[in-house]
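Below are the chains, spelled out letter by letter.
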Amino acid sequence: MSSEQSAARAEKPFPWIGMLALAAAAFLAVTSETLPTGLLPEIAGGLHVTTPQAGLLVSVYAFTVVLAATPLTAMTRRIPRRVLVVAVIVVIGLSSLLLAVAPNYGVAVVARITGGMAHGVFWAVTGAYAGHIVAPRQLARAVSITSGGVSLALILGAPLATIVGHAVNWRFAFAMVGCLLVVGAVVVGIMLPKAPREPLPVTTGATRVVLGSRRDASIVPVILICVLTGLITLGSFTLNAYIAPFVIEAMHFGAGAVGPMLFVGGVMGAIAVALVGTVLGRIPNRAITVGLVLTSVGVALLGVFAGVPPVAIAAFALWALAFGCLPPLLQTELLQVASARFRDTASALYTTAFNVGIGGGALVGGAVYAVWGIGFVPWAALAILAVSLVMLVFTLRTVSRIRTSQ
């Protein structure tokens, strides 16, 4: 981007309509992505598989995002960003409709793979969109608004769809979400502004980018942030992917409590996003550190007091609030350290890392659940979060040293 373009962008008012369009897109995509976690027992029964096998639908989706995000982003780099966003939302919607009518587990896996491919492109593109249409000093606010769509999906989208799935059946819930995605794609296409084109990076693998004849100096900080993101997400989603059986079996609340518990988690996530946009975005390093520590504390309390309802609910809320702060803070840090030419690729790598964490968490949680039972899942999650704390210290020191040397 030229200095004239940067100056012009800095002078423009904040693009509220565009950012709200991105938030709406995030709401629709995340509702579709997270819906299975609240309906795992019902999906398992409908497809005649075990609950851990149904949980693999979360892993399949996430690992498809991991494998598809970077190559598909590169393959579609010449397509206008707005057109691409609309197209991938439609594909995600169609994949949800396919899952709704899936006659067996194999077709359900195909549906999730299809949705995961589109989802990988979606986050790679929308993750960098804010960086293209707002000034650098507005990035924290822009990312918080986009993350607000994620939080709203967790507050309303996934819980309401889960409640509908319990009240009617899980297939109807997926069909409803699929239809909303197709309609929502049209609305997003109307509201979303065009993003200015950036010079395109040439990628060769996940960790090497050649920009003309010079290696981009922001690669190392971006990779460290992505590794940290993957570890934190891995730890949290080891438990989060199996929150429905945890609420039913460990907390002894019954299936009807899953939707309300997801609602509580979503509200906490929304509060977290608001805190990032207003306060925590100004002190990102300290906020990330405190957020990760409190996430670990919340998971540990759930492991110890799962059978004590008041403490368990408070621990769940703390976990949701603390973890909810981390993705927008980490993404903001990523967009700030990534160069303009590397931003789309950095966003794709972030998407890859986040979904490695989601898919890996579902695998680890499913293995622990199948072998030792749901009560051991929080402890597996806590062990991974402890490793991520060590990685956080290393990442913050290294990124700070690199910034100082530039």
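See the structure above.
> Any chance you could explain the overall build of the protein chain here in plain terms?
A count of helical and extended segments in the protein chain gives 15 helices and 3 strands. When the 406 residues of the protein chain are sorted by exposure, 57% land in the buried category. Long-range contacts, defined here as pairs at least 24 residues apart, represent 84% of the contacts in the protein chain between residues at least 6 apart. Surface exposure of the protein chain reaches about 15800 Å², of which carbon and sulfur atoms provide 72%.

> Whenever I open this one, the packing of aromatic side chains confuses me. Can you help?
Centre distance and the angle of the planes are the two values used to describe a pair of aromatic rings. In this structure the tally under the stated criterion is 6 aromatic pairs. Considering the side-chain rings of Phe237 and Phe354, the 6.5 Å spacing of their centres and the 75° angle between planes classify their relative orientation as edge-to-face. One end of the pair, Phe237, is in helix H9 (residues 219–240); the other, Phe354, is in helix H14 (residues 343–372), with 117 residues separating them in the sequence. There is no split in this pair, since Phe237 and Phe354 are both buried. Members of the aromatic cluster, connected to one another through ring pairs, are Phe237, Phe323, Tyr350 and Phe354.

> Explain the nonpolar core here, please?
Inside soluble globular proteins, nonpolar side chains tend to come together where they are buried. Core analysis: the biggest nonpolar cluster contains 119 residues, and Phe122, Val222 and Phe246 have the highest contact counts within it. In terms of residues, this core owes the most to one element, helix H13 (residues 309–337), which gives 12 residues.

> What's the story with the side chain of Ser236 in this structure? I'm lost.
One can find Ser236 in helix H9. Judged by its relative accessible area of 2%, Ser236 is buried.

> Where do I start with the environment of Val393 in this structure?
By secondary structure assignment, the location of Val393 is in helix H15 (residues 377–405). Take Val393: its relative accessible area is 41%, and that puts it in the partly exposed class. Val393 sits 108 residues away from Asn285 along the chain, and the two C-alpha atoms are 9.9 Å apart.

> Any chance you could explain empty space enclosed by the protein here in plain terms?
If a probe as big as a water molecule is rolled over the atoms, it shows which places are left empty. Overall, the coordinates contain 4 cavities of 30 Å³ or more when judged by the stated rule. Within this model, the second largest cavity holds a volume of roughly 60 Å³. In terms of lining residues, the second largest cavity is bounded by Ile225, Leu228, Asn285, Ile288, Leu330, Glu333, Leu392, Thr395, Leu396 and Val399. Among the secondary structure elements, those contributing two or more residues to the lining of the second largest cavity are H9, helix H12 (284–305), H13 and H15. Among the elements that line the lining of the second largest cavity, the one with the most residues is H15, at 4 residues. Partitioning the lining of the second largest cavity into residue classes produces 7 nonpolar, 2 polar and 1 charged.

> Hey, could you run me through the packing of helix H11 (residues 258–278) against H13 in this one?
Helices that pack against each other are described as a pair by the angle of their axes relative to one another and the distance between those axes. Interaxial distance between H11 and H13 falls to 7 Å at its minimum, and their mutual angle equals 40°. Taken together, the axis directions place H11 and H13 in an arrangement best described as oblique. In this structure, H11 crosses over H13, and the sense of that crossing is right-handed. Residues Met261, Val264, Gly265, Met268, Gly269, Ile271, Ala272, Leu275 and Val276 of H11 pack against Ile313, Phe316, Ala317, Ala320, Leu321, Gly324, Cys325, Pro328 and Leu329 of H13. Of the residues belonging to the contact of H11 with H13, the class tally is 15 nonpolar, 3 polar and no charged.

> Mind showing me how you'd approach the environment of Gly281 here?
Position of Gly281 among the secondary structure elements: in the loop between H11 and H12. Separated by 137 residues in the primary sequence, Gly281 and Ser144 have C-alpha atoms spaced 9.0 Å apart. With residues near it in sequence (within four places) discarded, Gly281 still touches Leu275, Val276 and Leu329.

Cut-offs applied
- Residues numbered from 1 in each chain as written.
- Predicted model: local features only at pLDDT ≥ 70, side-chain atom pairs only at ≥ 80, totals over all residues.
- Heavy atoms only, no water.
- Helix = DSSP H or I, 4+ residues; strand = E, 2+ residues; numbered from the N terminus.
- Buried < 20%, exposed > 50% of the residue type's maximum accessible area, 1.4 Å probe, protein only.
- Contact = heavy atoms within 4.5 Å.
- Areas by Shrake-Rupley, 256 points an atom, 1.4 Å probe, with all protein chains shown as cover.
- Phe/Tyr/Trp six-rings, centres within 6.5 Å; stacked < 30°, edge-to-face > 60°.
- Core = buried A, V, L, I, M, F, W, Y, C linked by side-chain atoms within 4.5 Å.
- 1 Å grid on protein atoms, 1.4 Å probe; cavity = no way out; pocket = protein on both sides within 12 Å on 5 of 7 lines; lining within 4 Å.
- Points joined across faces, edges and corners; volume = space filled by probe spheres on them.
- Nonpolar A, V, L, I, M, F, W, Y, C, P; charged D, E, K, R; others polar.
- Axes fitted to C-alpha atoms, helices over the stretch in contact; angles between N-to-C directions.
- Parallel < 35°, antiparallel > 145°, perpendicular 65-115°, else oblique.
- Left-handed = near helix turned anticlockwise from the far one by under 90°.

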